[in-house]
Amino acid sequence: MDTFFVSHGSPTLAVDESIPARGFLRSWRSRVLEAAPRAILVVSAHWDTRDPAVNGAVDGAAPHDTIHDFYGFPTPMYQLKYPAPSAPNLAKRVKELLEGAGFGRVREDASRGLDHGAWVPLMLMYPEANIPVCQLSIQSRKGAAYHYNMGKALAPLRDEGVLVLGSGNATHNLRSIGPDGGPIAKWAEGFDTWLKESLINGRYEQTRRYKQLRGEGAVR
């Protein structure tokens with residue numbers, strides 16, 4: 001397995017055939033990752049907690065509830081379901097790895113289902129919903145270096161047949177969103193370009209310090 005980041009965009013990605021990303025995600029198994037993962041760990045930007053938490057940490061693999069954590073969308077959006085089985089063994093493994101790496105107590109949330117950062121892309125990537133899924137929360141107030149180290153702690157999962165999937169957006173500002181088909185905001189395009197080039201060229205230390213570099217004018 002490997003680790004991927006998916007920019008899921010609007011929740012309407014699940015139903016809107018005009019969104020180009022739908023074709024990419026539907027071709028996931030033929031173009032990106034042919035081998036089926038044993039389980040999937042999704043780190044979604046839509047589950048933000050003070051300390052790390054995993055869901056589905058119960059015995060058995062009951063189907064996850066589908067969380068419709070968005071507002072003002074067409075009624076059919078709230079009728080969509082993605083009943084992937086929970087992954088209690090993966091949840092406990094994530095907890096073991098993070099606590100062993102010094103991240104403190106990892107909470108187990110047996111009642112939480114999958115938010116749209118998880119089920120919207122997975123509905124297109126693995127429509128059969130037959131692969132066990134676990135979610136891990138983020139801690140947005142703890143910065144990039146913290147999450148980079150979290151990723152290092154979870155790296156053994158790749159050798160255990162687990163697909164680690166980050167889901168969110170590299171940039172996000174609903175207050176400045178423009179009309180469909182309009183020009184890309186320069187601030188968003190600039191940051192995306194800087195981030196892509198930094199990752200491709202192995203400048204990981206810069207990505208961990210992006211807020212500081214932005215304050216110094218090095219990130220635009």
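Refer to the structure above for everything that follows.
Rules behind the numbers
Residues numbered from 1 in each chain as written. Predicted model: local features only at pLDDT ≥ 70, side-chain atom pairs only at ≥ 80, totals over all residues. Heavy atoms only, no water. Helix = DSSP H or I, 4+ residues; strand = E, 2+ residues; numbered from the N terminus. Expected span 1.5 Å × (residues − 1). Buried < 20%, exposed > 50% of the residue type's maximum accessible area, 1.4 Å probe, protein only. Arc of directions from axis to C-beta. Core = buried A, V, L, I, M, F, W, Y, C linked by side-chain atoms within 4.5 Å. Contact = heavy atoms within 4.5 Å. Pairing = 2+ DSSP bridges.

J.: Sorry if this is basic, but what is going on with helix α5 (residues 143-154) here?
T.: Between the first and last C-alpha of α5 there are 17 Å, a value that for 12 residues agrees with the 16 Å anticipated at 1.5 Å per step. Inspection of α5 places Tyr146, Met150, Ala153 and Leu154 among the buried residues, and these make up the whole buried set. Around the axis of α5, the buried residues are gathered within 95° of arc, so they sit on the same side.

J.: Explain unusual backbone geometry here, please?
T.: Note: most residues except glycine have negative phi, and most peptide bonds are trans. Notably, Ala129 is not glycine yet its phi reads approximately 55°, a positive angle. Turning to its location among the elements, Ala129 is positioned in the loop between α4 (116-125) and β5 (133-138). Since its relative accessible area comes to 10%, Ala129 is described here as buried.

J.: In this structure, what is going on with the nonpolar core? I would like to understand it.
T.: The nonpolar side chains of soluble globular proteins are, as a tendency, buried together. Judged by nonpolar contacts, the single largest core of 27 residues is most densely connected at Ile40, Tyr82, Trp119, Leu122 and Tyr126. Where this core is concerned, the elements lending two or more residues are β2 (39-48), α4 and β6 (162-168). Considering every element that reaches this core, the biggest residue donor is α4, with seven residues. Residues within four places of Ile40 in sequence aside, it is in contact with Leu90, Leu122, Tyr126, Ile131, Pro132, Val133, Cys134, Val162 and Leu163. In terms of nonpolar packing, the next biggest core, distinct from the first, is built from 20 residues, Val94, Phe103, Leu136 and Tyr146 among them.

J.: Please clarify how helix α6 (residues 186-200) should be interpreted in this entry.
T.: Every α-helical turn comprises 3.6 residues, leaving residues that sit three or four positions apart pointing alike. For α6, spanning 15 residues, the distance from its first C-alpha to its last is 21 Å, which sits close to the expected 21 Å at 1.5 Å a residue. Along α6, the residues classified as buried are Ala188, Phe191, Trp194 and Ser198. Angularly, the buried residues of α6 cover 135° about the axis, an arc narrow enough to put them on a single face. Exposed residues pointing more than 90 degrees away from the buried face of α6 are listed as Lys186, Lys196 and Ile200. Among the residues trailing α6, Gly202 stands out with phi positive, at a value near 75°.

J.: I tried to follow the pairing of β5 on my own but got confused; where do I start?
T.: A regular strand places its side chains on the two faces of the sheet in alternate fashion. Of all six residues that make up β5, six are buried, and the element is covered over most of its length. Relative to β5, β2 runs parallel, the two sharing five bridges. In the sheet register, Asp48 faces β5, and the bridge partner there is Ile138.

Nothing here speaks to function; it is all geometry.
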